[in-house]
Every structure is written in structure tokens, then in C-alpha cells.
Amino acid sequence: MAEIGNRDGDVPLHSGPLGRLQAWLGRRAIALAVRVRRPVSLGVRLLALNAQGEILLVRHTYLPGLMLPGGAVDPGETCREAAAREVFEEAGAVIESPPKLFHVYLNRRLANRDHVVLFVSRDARMDKTFKAGMEIVSAEFYSVDALPEDVTPATLARLSEVLDGVEVSDEW
């Protein structure tokens, strides 16, 4: 580990075990302050299609409109694992193979440090009968050609990017 010197560079500020501990504690304090001041949030969404090419959409109790299933990435969990977990928790759907990474978006509507990772699965299926709960009131597959009117603009944009080849935006 390199020693940190004073302004003149001739006397190390952090030497010996106590000095190294002080330097380590200082770095940890800075890292903690950055996390508290500027936390980064990371979420996933899954554009899940079934064998008939229908799209899975969910309706939350606390947000307007139909949207792609998804949520936060838990500590120790990969984004891909989070996508599969969220689609099962929210809709009772499973995906037969690992979802494919499509894009990473910045979601300025939530915060300047919120990112959404979009995955795509083309082999989703309902594993159990959906039951409305405290978070999700509906979850079902819809024909892409006959979507309900209240699909969110972000969801419509992701469908266009994935299914129609529209230029991908970097913002959710």
C-alpha cells in the first residue's frame, strides 16, 4: 500500500499499523458517505413473451397503468436472477431459459441515479394461477397487437425497441 505524504511529501501521514488503520477507516467513511448522499438504485424489468408471442403485463396497486414485471435487485443477487424472481413473485410466471440482457436504462423520473436493466424472455409461461395481492392486482399475457389503452409509455417504448427494432433510448 502506498504511503500518503504531507504537502511537502517528506513525512508519511499514515505509517505503521495504526496509520494504515486510520487510512482504511478514512476510505470506508468516504465510501459510506457517498452511499448515503448518493445512493444508486438498481432494478430490473422483464419483457416476457409466451409461446404465442403474447406479452406479460402487471398492474400495481400503487402505480397507474400496465407495465412489465420487475423490481429491485436484492443484495447478493444477480440482475438475471432478480428478473426471474420478480416475474415469478409478481405474476406467478416462470421462464424456461435464462433471460437475455437487452439494455441498461437511466430512470430520471425516479432519481438521477436509478438504473433499470431490461431482460427479454421468449419462453415465459404461467406456473400457477395468479392471485391478486397487496402489490399486484393483475398479471396476464396480452396480444401485442391488441394492448389495453393504459399500458405505460415506458412499456410501449420498450416493446417498440425489442419487437420493432426502434432505436434504443438510454433513458427509461
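Heads up: the structure comes first, above all this text.
Every chain is numbered on its own, with residues counted from 1 as its sequence reads. Whole-chain, interface and lining totals are the exception, using all residues; otherwise, since this is a predicted model, local features are given only for residues with pLDDT of at least 70 and side-chain atom pairs are given and counted only at 80 or more. The side-chain quantities take in all heavy atoms of the structure and omit both hydrogens and water.

Engineer: Just checking my understanding: could you explain the pattern of salt bridges for this structure?
Structural biologist: Definition used for salt bridges: Asp or Glu carboxyl oxygen within 4 Å of a side-chain nitrogen of Lys or Arg. This structure, assessed with the given rule, holds nine salt bridges. Between Arg85 and Asp74 there is a salt bridge whose closest N-O contact spans 3.4 Å. Note that Arg85 is positioned in helix 2 (residues 79-91) and Asp74 in the loop between strand 4 (70-72) and helix 2, a separation of 11 residues in sequence. By relative accessible area, which is 37% here, Asp74 ends up partly exposed. Arg85 serves as the salt-bridge partner of Glu86, at 3.0 Å between the closest nitrogen and oxygen. Using a relative accessible area of 8% as the deciding quantity, one classes Glu86 as buried. Connected through shared salt-bridge partners, Asp74, Glu77, Arg85, Glu86 and Glu89 make up one network. We count a stretch as a helix when DSSP gives it H or I for four or more residues in a row; a strand needs E for two or more, and each element gets its number in order from the N terminus. Categorising residues by exposure relies on relative accessible area from a 1.4 Å probe, with only protein chains included: less than 20% of the type maximum marks a residue as buried, more than 50% marks it as exposed, and the intermediate range marks it as partly exposed.

Engineer: Before we go on, may I ask you to explain helix 3 (residues 153-164) in this structure?
Structural biologist: For the α-helix, the turn length of 3.6 residues means that residues three or four positions removed from each other point alike. In a regular helix each residue adds 1.5 Å, so 12 residues correspond to 16 Å; helix 3 covers 15 Å between its end C-alpha atoms and thus fits that length. If you check which residues of helix 3 are buried, you get Ala154, Thr155, Arg158, Leu159, Glu161 and Val162. The arc that holds every buried residue of helix 3, seen down its axis, measures 165°, which confines them to one face. Exposed and oriented more than 90 degrees from the buried face of helix 3 are Pro153 and Asp164. Positive backbone phi, at 75°, marks Gly165, one or two positions downstream of helix 3. Under the convention used throughout, the expected extent of a helix is 1.5 Å for every residue step, that is, one less than its residue count. Starting at the helix axis, one direction is taken to each C-beta atom, and the arc is that of these directions.

Engineer: Which parts of the structure should I look at to understand the nonpolar core?
Structural biologist: If you look at the biggest cluster of nonpolar residues, it comprises 19 residues, and the most contacted ones within it are Val44, Leu46, Leu56, Val58, Ala91 and Phe119. Elements with a minimum of two residues in this core: strand 1 (41-48), strand 2 (55-60), helix 2, strand 5 (93-95), strand 7 (114-121) and strand 9 (136-142). Leu49, Leu68, Val116 and Tyr142 belong to the second largest nonpolar core, which has 16 residues in total. Only buried residues count toward a nonpolar core, which is a set of Ala, Val, Leu, Ile, Met, Phe, Trp, Tyr and Cys residues joined through side-chain atoms within 4.5 Å.

Engineer: Teacher, can you tell me more about the pairing of strand 7 here?
Structural biologist: The two faces of the sheet receive side chains in turn, since in a regular strand these alternate between them. Where burial is concerned, most of strand 7 is hidden: seven out of the eight residues are buried. Of the strand pairs in this sheet, strand 1 and strand 7 are connected by eight bridges, and their pairing is parallel. Opposite Gly43, over in strand 7, you have Val116 as the bridge partner. In short, DSSP must find at least two bridges between two strands for them to pair. Pairing geometry for strand 6 (residues 100-106) and strand 7, over six bridges, is antiparallel. Its bridge partner lying in strand 7, Val104 is registered against Val117.

Engineer: Help me understand the environment of Val116, please; the structure alone is not making it clear to me.
Structural biologist: For Val116, the position within the fold is in strand 7. Sequence separation between Val116 and Leu106 is 10 residues, and the spatial gap between their C-alpha atoms is 6.4 Å.

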